[in-house]
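Single-letter residue listing:
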Amino acid sequence: MPYNKYLNPMTEKEYLEEKNIRIIEENFKSVDMSKPNRRGIFRISLTEDCNFNCYFCHNEGMEGTKRQFDLKLLSNIIEAYRDYIKEIKLVGGEPLLHTQFNKAVDMCRDVAPVSVTTNGSLIPKWLDALSYMKNITVSVHSLHDDIYSKIMGTRSKPSVVIDNIRKLIDMGKRIHI
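Residues numbered from 1 in each chain as written. Predicted model: local features only at pLDDT ≥ 70, side-chain atom pairs only at ≥ 80, totals over all residues. Heavy atoms only, no water.

Colleague: Even after reading the chapter, I still don't get helix α6 (residues 158-170), so can you show me in this structure?
Modeller: Given 3.6 residues per helical turn, the α-helix brings residues three or four places apart onto the same face. Between its terminal C-alpha atoms α6 stretches 18 Å, which fits the 18 Å expected from 13 residues at 1.5 Å a residue. Inspection of α6 places Pro158, Val161, Asn164, Ile165 and Leu168 among the buried residues, and these make up the whole buried set. Considered in projection along α6, the buried side chains sweep an arc of 120 degrees and stay on one side of the axis. On its buried side, α6 packs onto α4 (127-130), β4 (133-138), α5 (145-152) and β5 (175-176). (Helix = DSSP H or I, 4+ residues; strand = E, 2+ residues; numbered from the N terminus. Expected span 1.5 Å × (residues − 1). Buried < 20%, exposed > 50% of the residue type's maximum accessible area, 1.4 Å probe, protein only. Arc of directions from axis to C-beta. Contact = heavy atoms within 4.5 Å.)

Colleague: How do you make sense of the nonpolar core when you look at a structure like this?
Modeller: The tendency in soluble globular proteins is for nonpolar side chains to be buried as a group. Ranked by size, the top nonpolar core spans 39 residues in total, and within it Leu74, Ile88, Leu90, Phe101, Leu130 and Met133 carry the most contacts. Ranked by the residues each element gives to this core, the list is headed by helix α2 (residues 71-80), at five residues. When residues no more than four places from it in sequence are discounted, the contact partners of methionine 133 are Leu90, Phe101, Val105, Val114, Ser115, Val116 and Lys173. (Core = buried A, V, L, I, M, F, W, Y, C linked by side-chain atoms within 4.5 Å.)

Colleague: When you look at the side chain of threonine 118 in this model, what are you seeing that I'm missing?
Modeller: Considering the arrangement of structural elements, one finds threonine 118 in strand β3 (residues 114-118). With a relative accessible area of 2%, threonine 118 lands in the buried category. A distance of 3.0 Å separates the side chain of threonine 118 from the backbone nitrogen of glycine 120, its partner in a polar contact. Setting aside chain neighbours within four positions, we find threonine 118 in contact with Glu94, Leu96, Ile136, Thr137, Val138 and Ser139. (Polar contact = N/O pair within 3.5 Å; in protein donor to acceptor, adjacent residues only side chain to side chain.)

Colleague: How should the sheet that holds strand β1 (residues 40-47) be read in this particular structure?
Modeller: The strands making up a sheet are joined through hydrogen bonds of the backbone, oriented either antiparallel or parallel. Strand order in the open sheet formed by five strands is β1-β2-β3-β4-β5, with parallel pairing between adjacent strands. For this open sheet the edge positions go to β1 and β5, each flanked by a neighbour on one side alone. Bridge analysis of β1 against strand β2 (residues 85-92) gives seven bridges, and the strand direction is parallel. Bridge pairing in β2 places serine 45 opposite valine 91. In this fold α2 packs onto β1 and β2, with an angle of close to 175 degrees to the strand it touches most, β1. (Pairing = 2+ DSSP bridges. Axes fitted to C-alpha atoms, helices over the stretch in contact; angles between N-to-C directions.)

Colleague: It is not clear to me how helix α3 (residues 101-109) should be interpreted in this structure. Could you clarify?
Modeller: Along α3, the residues classified as buried are Phe101, Ala104, Val105 and Cys108. Seen from one end, α3 has its buried residues packed into an arc of 100 degrees, which puts them on one side. On its buried face, α3 is in contact with β1, α2, β2, β3, α4 and β4.

Colleague: Explanation requested: the state of the cysteines in the structure shown.
Modeller: Two cysteines, two sulfur atoms, one covalent bond between them: this is a disulfide. Scanning the model with the defined rule gives zero disulfides in all. Left without a disulfide partner, cysteine 50 is nearest to the cysteine sulfur of cysteine 54, which lies 6.0 Å away. On the basis of relative accessibility, which here comes to 15%, the residue cysteine 54 falls in the buried class. (Disulfide = S-S within 2.5 Å.)

Colleague: Would you take a moment to explain the packing of α2 against α3 for this structure?
Modeller: Axis angle and axis distance: for two packed helices, these are the angle between their axes and the distance between the axes, and together they describe the pair. For the pair α2 and α3, the least separation of the axes is 10 Å and the interaxial angle reads 10 degrees. The pairing of α2 with α3 is recorded here as roughly parallel in orientation. Residues Leu71, Leu74, Ser75 and Ile78 of α2 touch α3, and the partners they reach there are Lys103, Ala104, Met107 and Cys108. (Parallel < 35°, antiparallel > 145°, perpendicular 65-115°, else oblique.)

Colleague: What exactly am I supposed to notice about the pattern of salt bridges here?
Modeller: Pairs can form between side chains of opposite charge whenever their charged atoms are close. Counted according to the given criterion, the structure contains five salt bridges. When the shortest N-O distance is used, the salt bridge between arginine 82 and glutamate 79 registers 2.6 Å. With a relative accessible area of 43%, glutamate 79 lands in the partly exposed category. (Salt bridge = Lys/Arg side-chain N within 4 Å of Asp/Glu carboxyl O.)

Colleague: Mind showing me how you'd approach the packing of aromatic side chains here?
Modeller: Each aromatic ring pair is summarised here by two numbers: the centre-to-centre distance and the angle between the ring planes. As enumerated under the stated definition, the model contains three aromatic pairs in all. A ring pair is formed by phenylalanine 52 and tyrosine 148, whose centres lie 6.5 Å apart and whose planes are at 90 degrees; its orientation type is edge-to-face. Remark: tyrosine 148 occurs in helix α5 and phenylalanine 52 occurs in the loop between β1 and α2; sequence separation between them is 96 residues. Among the residues examined, phenylalanine 52 registers a relative accessible area of 9% and is labelled buried. A ring pair is formed by tyrosine 55 and phenylalanine 56, whose centres lie 5.6 Å apart and whose planes are at 80 degrees; its orientation type is edge-to-face. By relative accessible area, tyrosine 55 is classed as exposed at 63%. If you follow arginine 109 out to its NZ or CZ, it ends over the ring of tyrosine 132, 3.5 Å from the centre. (Phe/Tyr/Trp six-rings, centres within 6.5 Å; stacked < 30°, edge-to-face > 60°. Lys NZ or Arg CZ within 6 Å of the ring centre and 35° of its normal.)

The structure is reproduced here in structure tokens:
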């Protein structure tokens, strides 16, 4: 449930921090903390915001939110769980919309290999940060303009995303579609 200042005595920032902590606890529920050699995959949603409106997306009802995961909180969390993280997956919304995506990647790659799932529309803006990724998953649900537009909820063309994927391949990156 989204934050509602009339129903919740916490500030919105406190609410989001508590929500993020609950998500993190869920991430590590299956990790046996008594055994540091048991490491898991840490998924972090950098933002709920997205520049597409895919009909199947789990972020329905979140249009227009500009919430971004606080990088100081991210730093504290990944430091606290450093010994239990084998990989960090950056997801969203659209993670490349985070205004400090490059800094988030730098923080994370100091702890573990980093992967990202993206709609591919903003790849050129973050080529340097993406060069450090272990895996990059790009959502391309059709190569036909009209079908792509309906599925992804955008007027963008799949050819633009394919061109962006080519830029990553030219850098030697492995791409999952």
